[in-house]
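# What the coordinates show
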Amino acid sequence: MPETETVLALTGLAVTAVIWAVERFLPGRKRIGYRVQMDTPIGMNPQDAHSLVQLRLLRQEQEISDATLALLRIENDGSKDIVRQDYQEPLTVEFTGRTVLGVEVPDANPTDLISMLTRPGAGLRYNGNRLHIPKVPLNTRNHFKLLVLLSGTDEAPAGRGRTQAGGEVIVGGFLSGGRIRRNTQRWGPRKSSLALGGLFIVLVGLLGGLLLSTPTPPARAECATGRLTIDGSTAFAPPMQEIARQYQARCPGAVIDVARSGSLSGLTNLNRAGRATRSGSPSFLAMSDVPAPSIYGRLQGERVGVILLSLVVNERTGVDNLTLDQVRKIYDGTYTNWRDVGGNDLAIHVVGRDAGSGTRRAFETTVLRRSEPGVVSSYDCTGKDRDERARVTRCEVNSTTGLLDTVDRVEGAVGYAETYAAAKRPHVIAIRLNGHEPDIEWGQQHEYPFWTVEFLYSYGHPADGSLAAKFLTYLNSDTAKNVMRMYKHVPCADDRSLSASVCRP
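Residues numbered from 1 in each chain as written. Predicted model: local features only at pLDDT ≥ 70, side-chain atom pairs only at ≥ 80, totals over all residues. Heavy atoms only, no water.

F95, L146, I230, Y331 and F471 are the most contacted members of the largest nonpolar core, which totals 86 residues. Filtering out sequence-adjacent residues up to four positions away, L146 remains in contact with A70, L71, L72, I74, V103, E104, V105, P106, L124, L131 and I133. L267, F284, A286 and Y459 belong to the second largest nonpolar core, which has 17 residues in total. (Core = buried A, V, L, I, M, F, W, Y, C linked by side-chain atoms within 4.5 Å. Buried < 20%, exposed > 50% of the residue type's maximum accessible area, 1.4 Å probe, protein only. Contact = heavy atoms within 4.5 Å.)

Next up, the structure:
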């Protein structure tokens, strides 16, 4: 009998270990874990911080006698990176029986998550007893902490989620392909009190909100000073501007200007700058949606990521899905009215990009499988004011923004643009192609056809230690990868999402 009990006990332990391993390491598992590291009244002297004076907290000139301070840690403790599109419902934190007065982000890994969480207009917000957390990408083991000032107490009986201050803390949300769970508490009461003493040192006052000092991040190994110009793709310019902003915030003394003249224009400008520089590679990089032409033999390119592109239409067209054959017949003039493809009785107006556009090259290569007809019959796509004999009403614009402005304005318009930018326009619809929507996980599906690889080119090899060289390295960082995912791009640095043939020569 003792032997049987021993076998059963060992079997139980083995089953538990297997369940834990499957839960933790199952491929593709997405999971956000959270824990309340501290939740303590602060209207008194902590027992372990006798040297601190009593705090008198004010809000709108009224004393807060029941203030509490909570510290939450939220992390990706699963086995797969989490992108913004994985959040079917954003995270919320509910403090039962209390009111949120203010919130700060005292710590995050990577540190650039702090700016994503606190961005004006799109960052953390609170209302009543609930804190709303924006959808931020979290690579495996990334985390951030929230320091929350609250008032009020909860007199409900102790139970699951109960913390030191007596209030219940509930984290909600919905994660596609995964789950959100409370992790085991790692701090004891005494450590929480000691930590509170340390936080009091930086909590200098309160008047209508929470005021905390945020130290300037120290200079890092990837930092360099100087000025760098990045020019080219209008489709990739928005995420590149954000990556450049993050780098400048991280590295004081670096100034990065991002222009958007178009892929081929950017390559031409880089080649011209390189030829004019006798001392080596200029402080200039070029973004391109297509490989550089062979005439630019001195340019060296790195594959940065995959851009998802969309065929876009004005909402009045009445269509949300087209086959590739229908798209080709729209562009060659076979179809001239949206009713020909099951839409509304509305004339088709084609909005194209100029010949220097990398997005146009990608559209011709992956969707049309031929050159886009170059006849321009209209100045603004509202009528055939340039060529009344043309079968198709077609105009050309020189940027992603210009194309989306036109499709947003002209009823019956159709064009193509970067997916993230298109989603922000109220009257523009990114349609499905052959029934498939643009998907950041396209690398596993190989079904959505309209995408392109983004290149970043230098003239020769940038000098070691230069701002250009350091910035190219920074593009492989978690911060840069998270920014690209935020804009619905797939980073080439993330080998788990892409096949080797896509991001490698």
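It is worth spelling out the sheet that holds strand β7 (residues 125-127) at this point. Spatial ordering of the open sheet is given by β7-β8-β5-β10, a layout of 4 strands whose pairing is antiparallel. In the strand order of this sheet, the two ends are held by β7 and β10 (169-175), each with one partner. Averaged over all pairs of adjacent strands, the angle between their axes in this sheet comes to 20°, without regard to strand direction. As judged from the 3 bridges shared by β7 and strand β8 (residues 130-132), these two strands associate in the antiparallel manner. Each bridged residue has a counterpart across the sheet, and for N127 the counterpart in β8 is R130. (Pairing = 2+ DSSP bridges. Helix = DSSP H or I, 4+ residues; strand = E, 2+ residues; numbered from the N terminus. Axes fitted to C-alpha atoms, helices over the stretch in contact; angles between N-to-C directions.)

What follows is about the sheet that holds strand β4 (residues 67-76). Pairing is mixed in the open sheet, where 5 strands are placed in the order β6-β9-β4-β1-β11. What marks the edges here is a single partner per strand, and that holds for β6 (99-109) and β11 (178-182). Going from strand to strand, the sheet's axes swing by 20° on average, the running direction of each strand aside. Pairing of β4 with strand β9 (residues 143-151), which is carried by 9 bridges, proceeds in the antiparallel orientation. Across the sheet, T68 pairs through a bridge with L150, a residue of β9.

Overall, the predicted model of the chain reaches an average pLDDT of 79, with 75% of residues at or above 70. pLDDT under 50 marks residues 18-28. Its contacts with residues more than four places away, or in other chains, come to 16 contacts. In the model, residues 155-165 has pLDDT below 50 throughout and makes 23 contacts with residues more than four positions away in sequence or in other chains. (pLDDT = per-residue confidence, 0-100.)

Quick look at the packing of helix α4 (residues 237-250) against helix α11 (residues 467-474) now. Viewed as axis vectors pointing N to C, α4 and α11 meet at an angle of 110°, and their least axial separation amounts to 11 Å. Relative to α11, α4 is oriented roughly perpendicular. Between α4 and α11 lies a crossing whose hand is right-handed. Contacts from M240, I243, A244, Q246, Y247 and R250 in α4 reach L467, K470, F471 and Y474 in α11. Grouping the amino acids of the contact of α4 with α11 by side-chain chemistry returns 7 nonpolar, 1 polar and 2 charged. (Parallel < 35°, antiparallel > 145°, perpendicular 65-115°, else oblique. Left-handed = near helix turned anticlockwise from the far one by under 90°. Nonpolar A, V, L, I, M, F, W, Y, C, P; charged D, E, K, R; others polar.)

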